[in-house]
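Listed here are the chains, written in short residue letters.
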Amino acid sequence: MALGTATRATAASLPNSLWAATAAPGPETPPLTAEVAADLCIVGGGFTGLSAALHAAQAGARAVVLEAAEPGWGASGRNGGQVIPGLKLEPDEIEARFGPELGGRMIAAAGAAPDLVFELIERHGIDCAARRTGWIQAAHAASGLRLVEDRVAQWSRRGAAVEPLDRAAVAELTGAAGYVGGLLDRRGGNIQPLSYARGLARAALDAGAAVHGGSPAIAVVKSTKGWRVVTPEGAVESEQLLLCTNGYSDRLWPGLARSVLPLQSYQAATRPLSDNLRRSILPGGQACSDTRRLLAYFRLDAEGRLVVGGRGRAEESDDPADYRHVTESLARLFPQVAAPEWQYFWGGRVALTADHLPHLHEPAPGVLAGLGYNGRGVAMATLMGKLLAERAAGAPVGDLPFPVTGIRPLPLHGLRRPMIAFTVAWKRMLDGWETWQR
Ligand SMILES: Cc1cc2nc3c(=O)[nH]c(=O)nc-3n(C[C@H](O)[C@H](O)[C@H](O)COP(=O)(O)OP(=O)(O)OC[C@H]3O[C@@H](n4cnc5c(N)ncnc54)[C@H](O)[C@@H]3O)c2cc1C
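Residues numbered from 1 in each chain as written. Predicted model: local features only at pLDDT ≥ 70, side-chain atom pairs only at ≥ 80, totals over all residues. Heavy atoms only, no water.

Draft legend 1. Up close: the pattern of salt bridges. With the rule as written, the count across this model stands at 21 salt bridges. The salt bridge involving R198 is made with E70; its shortest N-O contact spans 3.1 Å. Taken together, the positions of R198 in helix α6 (residues 193–206) and E70 in the loop between β3 (63–66) and β4 (82–83) put the pair 128 residues apart, joining distant regions of the chain. (Salt bridge = Lys/Arg side-chain N within 4 Å of Asp/Glu carboxyl O. Helix = DSSP H or I, 4+ residues; strand = E, 2+ residues; numbered from the N terminus.)

Draft legend 2. Molecular detail of the sheet that holds strand β14 (residues 287–290). Taken in spatial order, the 8 strands of this open sheet run β6-β7-β5-β14-β15-β16-β13-β17, and their pairing is mixed. Across the chains shown, the open sheet's two edge strands, defined by having one partner strand only, are β6 (162–166) and β17 (342–352). With strand direction ignored, the average angle separating the axes of adjacent strands in the sheet is 20°. Bridge count for strand β5 (residues 135–139) against β14 is 4 bridges, and the pairing is parallel. Opposite I136, over in β14, you have C288 as the bridge partner. Contacting β5, β6, β7 (181–185), β14 and β15 (297–300), helix α5 (residues 167–174) crosses the sheet at an angle of about 100° to β6. Where helix α8 (residues 324–333) meets the sheet, its contacts fall on β13 (261–270), β15, β16 (306–311) and β17, and the angle it forms with β16 comes to roughly 125°. (Pairing = 2+ DSSP bridges. Axes fitted to C-alpha atoms, helices over the stretch in contact; angles between N-to-C directions. Contact = heavy atoms within 4.5 Å.)

Draft legend 3. Molecular detail of the site of the ligand. The full set close to the ligand counts 39 residues, and T48, E67, S76, Q82 and V378 are the nearest of them. Residue G80 places a main-chain N or O atom 2.9 Å away from a nitrogen atom belonging to the ligand. Taking G377, its main chain carries an N or O atom lying 3.0 Å from an oxygen atom of the ligand. The protein chains hide 99% of the 1,000 Å² of surface that the ligand would expose on its own. Contributions of two or more residues to the shell around the ligand are made by α2 (47–58), β13, β17 and α9 (377–392). For the shell around the ligand, the class distribution of residues is 15 nonpolar, 18 polar and 6 charged. (Near = heavy atom within 4 Å. Polar contact = N/O pair within 3.5 Å; in protein donor to acceptor, adjacent residues only side chain to side chain. Areas by Shrake-Rupley, 256 points an atom, 1.4 Å probe, with all protein chains shown as cover. Nonpolar A, V, L, I, M, F, W, Y, C, P; charged D, E, K, R; others polar.)

Draft legend 4. Region of interest: the pairing of β3. Here β3 shows no split at all, with A63 and V65 on one side and V64 and L66 on the other all buried. Where strand β2 (residues 35–43) and β3 come together, 4 bridges link them in parallel fashion. Looking across to β3, one finds that L40 is bridged to A63. Between β2 and its parallel partner β3, the chain crosses via α2, and the hand of that crossover is right-handed. Pairing of β3 with strand β9 (residues 210–212), which is carried by 3 bridges, proceeds in the parallel orientation. (Buried < 20%, exposed > 50% of the residue type's maximum accessible area, 1.4 Å probe, protein only. Right-handed = clockwise from strand over helix to strand, strands pointing away.)

Draft legend 5. Seen up close, the nonpolar core. I42, I121, I191, Y196, L200, L242 and L383 are the most contacted members of the largest nonpolar core, which has 66 residues in total. No other element matches helix α3 (residues 91–123), which puts 11 residues into this core. Dropping the residues within four chain positions of it, I42 is found in contact with G49, A52, A53, A63, V64, V65, L66, L242 and C244. (Core = buried A, V, L, I, M, F, W, Y, C linked by side-chain atoms within 4.5 Å.)

Draft legend 6. The pairing of strand β18 (residues 359–364), seen in detail. Direction of pairing for β18 relative to strand β19 (residues 367–371): antiparallel, over a ladder of 4 bridges. Each bridged residue has a counterpart across the sheet, and for H359 the counterpart in β19 is L371. Counted along the chain from β18 to the antiparallel partner β19, the turn is 2 residues long, and its residue G366 has a positive phi close to 80°. Where β18 and strand β20 (residues 404–405) come together, 2 bridges link them in parallel fashion. Residue pairing across strands places L360 opposite V404, the latter belonging to β20.

Draft legend 7. Examining the packing of aromatic side chains more closely. Scanning the entire structure with this criterion turns up 8 aromatic pairs. Both rings, one in W73 and one in Y248, keep their centres 5.2 Å apart while their planes meet at 65°; by these two values the pair is edge-to-face. Here W73, found in the loop between β3 and β4, pairs with Y248, found in the loop between β12 (235–243) and β13; they are 175 residues apart in sequence, far enough to count as distant. Take W73: its relative accessible area is 11%, and that puts it in the buried class. Judged by centre distance (4.3 Å) and plane angle (20°), the ring pair of Y266 and Y323 falls under stacked. Taken together, the residues span a long stretch of sequence, with Y266 in strand β13 and Y323 in the loop between β16 and α8 at a distance of 57 residues. Taking relative accessible area as the criterion, Y266 reaches 0% and is therefore assigned buried. Residue classification places Y323 among the buried residues on the basis of a relative accessible area of 0%. (Phe/Tyr/Trp six-rings, centres within 6.5 Å; stacked < 30°, edge-to-face > 60°.)

Draft legend 8. Structural view of the packing of α2 against α6. The interhelical angle for the contact between α2 and α6, taken along N-to-C directions, is 25°, at an axis separation of 8 Å. It follows from the interaxial angle that α2 and α6 lie roughly parallel. Helix-helix and strand crossings are classified by hand; for α2 and α6 the assignment is left-handed. Contacts from F47, L50, A53, L54 and A57 in α2 reach P193, Y196, A197, L200, A201, A203 and A204 in α6. (Parallel < 35°, antiparallel > 145°, perpendicular 65-115°, else oblique. Left-handed = near helix turned anticlockwise from the far one by under 90°.)

Draft legend 9. Quick peek at the packing of α3 against α9. At a minimum axis distance of 8 Å, the contact between α3 and α9 shows a crossing angle of 85°. By the angle between their directions, the pair α3 and α9 is classed as roughly perpendicular. Residues A109, A110, A113, P114, L116, V117 and L120 of α3 form the contact with α9, whose participating residues are V378, A379, M380, T382, L383 and K386. Across the contact of α3 with α9, the residue classes break down as 11 nonpolar, 1 polar and 1 charged.

Draft legend 10. A look at the environment of C41. Its place among the elements puts C41 in strand β2. Leaving out residues up to four positions away in the same chain, C41 has contacts with V64, L66, V229, V236, S238, Q240, L241 and L242.

This is how it looks when you write it as structure tokens:
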């Protein structure tokens with residue numbers, strides 16, 4: 001009997017995003033059309049699944065990736081490409097919650113996650129406009145300033161290259177108006193995310209993994225060898241099953257989709273800015289996110305387009321009218337871009353967790369899931385994929401830098417739409433109030 005079933009449409013096309021228009025071509029990843037045996041069947045071809053496939057194949061395992069659309073189709077090919085070190089929670093809070101040993105390992109692993117991204121890019125020659133120029137967190141008001149000051153102090157105590165920025169330094173580094181201070185974390189940077197996902201897929205294939213696009217996993221059945229995962233035209237029989245579907249999780253595995261809150265984040269990109277504007281806007285090429293509850297984030301792409309992101313509607317949309325909050329952010333932050341010429345509008349699903357931490361689940365023997373990066377998955381999902389591969393190869397739970405837990409569906413998940421709408425309105429009001437007071 002099938003444990004879970006899903007009804008994903010096959011081969012949905014990429015959104016009309018900046019990244020889809022400018023990405024390096026991906027490798028051939030034809031649909032699965034046979035019954036195959038493997039050590040690991042990996043469902044989901046984003047950073048998590050592709051990094052898991054690469055690391056498992058490098059360690060000699062037979063890994064098969066099943067991706068409903070194409071590698072990088074989900075959040076991995078749509079995000080801001082900001083390589084952000086650390087977790088949402090402050091290091092001291094993580095240590096208080098998990099103790100010095102596990103907490104210390106979590107902090108060290110999350111802080112070093114950008115190293116893994118940039119090392120993989122270099123080792124596998126991934127052509128993705130990678131720049132390790134640092135990540136700026138800009139404070140929108142006094143509350144944000146306290147947050148970044150705490151963060152600088154806590155990371156500095158742990159030897160990380162994180163430095164405080166005063167109001168003038170943020171203005172000089174970003175060219176943005178209105179920030180009252182911030183931090184520069186030199187461990188971070190930015191990439192072209194779809195090119196990175198495609199590069200990981202190519203590296204996984206080169207290491208011996210199989211990667212199948214257009215291959216939604218539509219049923220999982222317990223079998224004598226382990227697990228049998230069924231697609232429309234084939235099946236994978238494997239000892240281990242890795243669920244790497246994050247904000248796009250469906251009903252394939254019971255409760256997984258309900259363990260995260262999927263929110264839409266929207267982005268818009270201008271046409272390349274003039275040389276004059278580029279002299280003042282992010283001249284050092286950093287990526288920047290701010291401390292608002294509904295954060296604004298921005299960066300330049302390789303051709304000098306200004307890419308701005310923020311919270312979107314509940315549904316996906318490519319109607320420019322739905323991107324008002326994003327275009328208003330640009331007008332507020334960069335009044336010097338007097339009449340921006342918008343070129344692309346797109347969005348994707350961010351997966352939030354109740355404790356603001358990524359989750360590594362082991363819901364049944366031989367089954368692992370990694371998800372819930374809370375908008376910080378470029379580095380964290382890459383790391384999680386590696387950890388899933390290590391756990392699947394037998395790494396003891398006690399050696400991992402994250403707790404291994406069962407899946408816990410969020411209460412009232414069915415009411416998420418009205419609850420999200422209320423929370424967004426409330427946060428927007430608080431952000432507006434604090435910004436007005438500064
Ligand atoms: C607009 C936006 C901006 C963001 N900006 C940043 C940022 O700047 N920095 C940062 O660190 N993080 C950012 N994030 C978060 C980051 O993109 C994600 O955390 C990360 O990409 C998650 O990777 P993943 O592989 O786990 O999931 P995904 O990339 O979402 O991949 C999941 C895949 O699973 C597939 N799938 C689902 N069900 C099935 C099935 N049954 N069978 C087969 N395949 C299936 C989907 O098709 C999808 O391709 C952003 C996210 C969004 C949406």
